[in-house]
Amino acid sequence: MKKYVVVLAAGKGTRMKSKLYKVLHKVCGKTMVEHVVDAASGVNPEEIITVVGTGAEDVEKVLAGKSKFAFQEKQLGTGHAVLTAKDLLANKEGATLVVTGDTPLFTTATFENLFAYHNEKGNAATVLTAEAPNPFGYGRIIRDDQGNVLRIVEQKDGKPEELKVKEINTGVFCFDNQKLFEALAHVGNDNAQGEYYLTDVLEILRNEGQRVGAYKMPDFSESLGVNDRIALAQATKIMQKRINEAHMRDGVSFIDPDTAYIDSDVKIGNDTVIEGNVVIKGHTEIGSDCYITNGSRIIDSKIGNNVTITSSTIEESEMADNSDIGPNSHLRPKAMIGKGSHIGNFVEIKKAEIGENTKVGHLTYVGDATLGKDINIGCGTIFSNYDGVKKFHTNVGDHAFIGAGATLIAPINVADHAFIAADSTITKDVGKFDMAIARGRQTNKPDYWHKLPLSKDKEWQ
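Residues numbered from 1 in each chain as written. Predicted model: local features only at pLDDT ≥ 70, side-chain atom pairs only at ≥ 80, totals over all residues. Heavy atoms only, no water.

In the annotation of an unreviewed UniProt entry, the protein is listed under the name Bifunctional protein GlmU and assigned to Candidatus Lactobacillus pullistercoris. According to its UniProt record, the protein has this under Subcellular location (unreviewed entry): "Cytoplasm". (UniProt positions renumbered as here; feature names shortened; annotations may be inferred.)

(A) Structural detail: the overall build of the protein. Across its full length, the protein carries nine helices and 37 strands. What you see for the protein is a C-alpha radius of gyration of 32 Å, clearly larger than the 23 Å of a compact globule of 461 residues, by over 25%. Principal-axis analysis of the C-alpha atoms places the extent of the protein at approximately 110 × 55 × 40 Å. Taking all contacts inside the protein whose residues are at least 6 apart in sequence as the whole, residues at least 24 apart take part in 39%. (Helix = DSSP H or I, 4+ residues; strand = E, 2+ residues; numbered from the N terminus. Rg over C-alpha atoms; globule rule 2.2 N^0.38 Å. Contact = heavy atoms within 4.5 Å.)

(B) A look at the packing of aromatic side chains. Tallied over the full model, the rule gives five aromatic pairs. With centroids separated by 5.7 Å and ring planes inclined at 35°, the aromatic side chains of Phe106 and Phe111 adopt a geometry described as tilted. Each ring, one from Tyr138 and one from Phe220, has its centre 5.8 Å from the other, and the planes form 75°; the classification is edge-to-face. Remark: Phe220 occurs in the loop between β11 (212-217) and α9 (229-249) and Tyr138 occurs in the loop between β7 (125-131) and β8 (140-143); sequence separation between them is 82 residues. Of the residues examined, Tyr138 reaches a relative accessible area of 26% and is grouped as partly exposed. In this structure Phe220 comes out as partly exposed when scored by relative accessible area, which is 22%. Its guanidinium or amino end placed over the ring of Tyr386, Lys391 lies 5.4 Å from that ring's centre, counting from NZ or CZ. (Phe/Tyr/Trp six-rings, centres within 6.5 Å; stacked < 30°, edge-to-face > 60°. Buried < 20%, exposed > 50% of the residue type's maximum accessible area, 1.4 Å probe, protein only. Lys NZ or Arg CZ within 6 Å of the ring centre and 35° of its normal.)

(C) The arrangement of the UniProt feature "binding site: Mg(2+)" (unreviewed entry) in the protein in detail. On the UniProt side, "binding site: Mg(2+)" (unreviewed entry) is annotated at positions that read Asp102 and Asn227 here. Across 126 residues in sequence, these annotated residues keep their C-alpha atoms within 7.5 Å of one another, forming a single compact spot. Inspection of the secondary structure assignment puts Asp102 in the loop between β6 (95-100) and α5 (108-121). Excluding anything up to four places from it in sequence, Asp102 contacts Lys22, Val23, Met32, Leu224, Gly225, Val226 and Asn227. Within polar-contact distance, the side chain of Asp102 engages the side chain of Lys22 at 2.8 Å. Relative to the assigned elements, Asn227 resides in the loop between β11 and α9. Taking the relative accessible area as the measure of exposure, Asn227 reaches 27% and is therefore partly exposed. The residues touching Asn227, leaving out its near neighbours within four places in the chain, are Arg15, Met16, Lys22 and Asp102. In terms of polar contacts, Asn227 uses its side chain to reach the side chain of Lys22, at 3.1 Å. (Polar contact = N/O pair within 3.5 Å; in protein donor to acceptor, adjacent residues only side chain to side chain.)

(D) The arrangement of the side chain of Gln72 in detail. Mapping Gln72 onto the fold places it in strand β5 (residues 68-72). By relative accessible area, which is 3% here, Gln72 ends up buried. Side-chain polar atoms of Gln72 contact the backbone oxygen of Lys74, separated by 3.3 Å. If we skip the residues at most four places from it in the chain, Gln72 touches Ala10, Val51, Val52, Gly53, Thr54, Gly77, His80, Ala81 and Thr84.

(E) Main features of the UniProt feature "binding site: acetyl-CoA" (unreviewed entry) in the protein. Here, UniProt's "binding site: acetyl-CoA" (unreviewed entry) annotation points to Asn385, Tyr386, Ala422 and Arg439. Tracing the sequence through the fold places Asn385 in the loop between β30 (382-384) and β31 (394-396). If sequence neighbours within four positions are ignored, Asn385 has contacts with Lys350, Tyr365, Gly367, Asp368, Lys390, Lys391, Phe392 and Ala410. On the secondary structure map, Arg439 appears in the segment after β37 (435-436). Overall, the relative accessible area of 47% leaves Arg439 in the partly exposed class. Setting aside chain neighbours within four positions, we find Arg439 in contact with Ala421, Ala422 and Asp423.

(F) Summary view of the environment of Gln178. Secondary-structure assignment places Gln178 in helix α7 (residues 177-184). When its relative accessible area of 28% is taken as the criterion, Gln178 is described as partly exposed. Separated by 19 residues in sequence, Gln178 and Tyr197 place their C-alpha atoms 18 Å apart. Once you skip the residues sitting within four places of it in the chain, Gln178 turns out to touch Ala90, Asn91, Lys92 and Glu93.

(G) Inspection of the pairing of strand β28 (residues 359-371) at higher detail. As judged from the 10 bridges shared by strand β27 (residues 342-354) and β28, these two strands associate in the parallel manner. Across the sheet, Ile354 pairs through a bridge with Leu371, a residue of β28. For β28 and β31, the ladder comprises three bridges, and the chain directions are parallel. Counted as the bridge partner of Ala369 is Thr394 from β31. (Pairing = 2+ DSSP bridges.)

(H) Representation of the environment of Asp434 within the structure. In this fold, Asp434 is placed in the loop between β36 (425-426) and β37. With 45 residues separating them in the primary sequence, Asp434 and Val389 have C-alpha atoms 31 Å apart. Here Asp434 is in contact with His417, Ala418 and Phe419, once residues within four sequence places are set aside.

(I) Representation of unusual backbone geometry within the structure. Here the amide bond leading from Gly326 into Pro327 is cis, since omega sits at 10°, within 30 degrees of zero. Tracing the chain through its elements places Pro327 in the loop between β24 (324-325) and β25 (330-331). Each neighbour pair has its own omega, and for Ala410 with Pro411 the value is 0°, a cis peptide bond. Relative to the assigned elements, Pro411 resides in the loop between β33 (407-409) and β34 (412-414). Although it is not a glycine, Ser311 sits at a positive phi angle of roughly 45°. Phi is positive for Leu363, close to 55°, though the residue is something other than glycine.

Below is the structure:
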């Protein structure tokens, strides 16, 4: 059986009260429509068609290479939206899944099960349903004694006995593709909204003697549709729990999984421990045996094995095996921390390579620099890389020693085994084995205290 997918993503989502198209709001680092398309891609369909509307060019950019597109100029209902894909799909044999782009929690497994059930039963149409703990507001699935779907009853139209039914319509359908488009040609818009409803296809097929069934999925939470910011937060919470549980099954320990926020594309090695209030986003990769403490934030970075990150922020950077950072330090983009290196507290590093076993202890800024191995950087050191117009680079060789409070004004080169005395301002290259001292000589002024007005105050005598 060939499979096709139609994703409905033309609605702007006015209840989101946002300049951003509804389906482009993110859940755990990925837009809602990407979650839907990625889950659907897992069933290996022949084609995925995403229906977009006016001004939805950003949707096409997000899904470039993942989907073809159909255009719905006016929002005239779900049936009309599917009909816009007619030229791409109408004459093809197989089964078509129709799903909305604002349902980010559906899984590939659920879509696979729906296709399998649809094919096994030989249905013309199959509705994906779920048992809702509180079905108020949902369309109810009314079946006959053989389990066939007789109709979908909306909340406002249901009789008391029908409204007791807890099986609800999730808004996802699987159709025989050719029968779907044949039926869509007969769907009318004689209703209060003046729209063409996809659900009318079910009645048309049933009246033709076609079999219409329903597949009930076990997890109601997958069916959550996002129409406002409240539902967006609910979807994020569910996805967050799903992601963290998957990592725990793969050998990652969470001290407080309810407060650890991990994006969907993050990879984490086994025996890594993550404390509460940690945020890991983007395409971050974290190795095994790491320890990440409370308050850390890691974005689009690569972390090696046996790395300790203590309450620090890391952005678009790399930390090699056995290195550590923090507390309260910041790796800005393009920071490369070598094996065994130590980045202490209140250190900021930007676009700089820190060599193996080098120590940058505390209260230091390193920008636009290449540091060799086994270097000691003293407290309060500044790599002065900007003259107000351009950025310049500093190189420091292996086994160099940079004293506390030093300022290195780029561009300069400090050779291997060189020394820079504490509190020096270095503006010239330093040779191998040399020591650079650049500070004024100390002068003591005898008896200076008694020249001050406050020396006459008895309190100070």
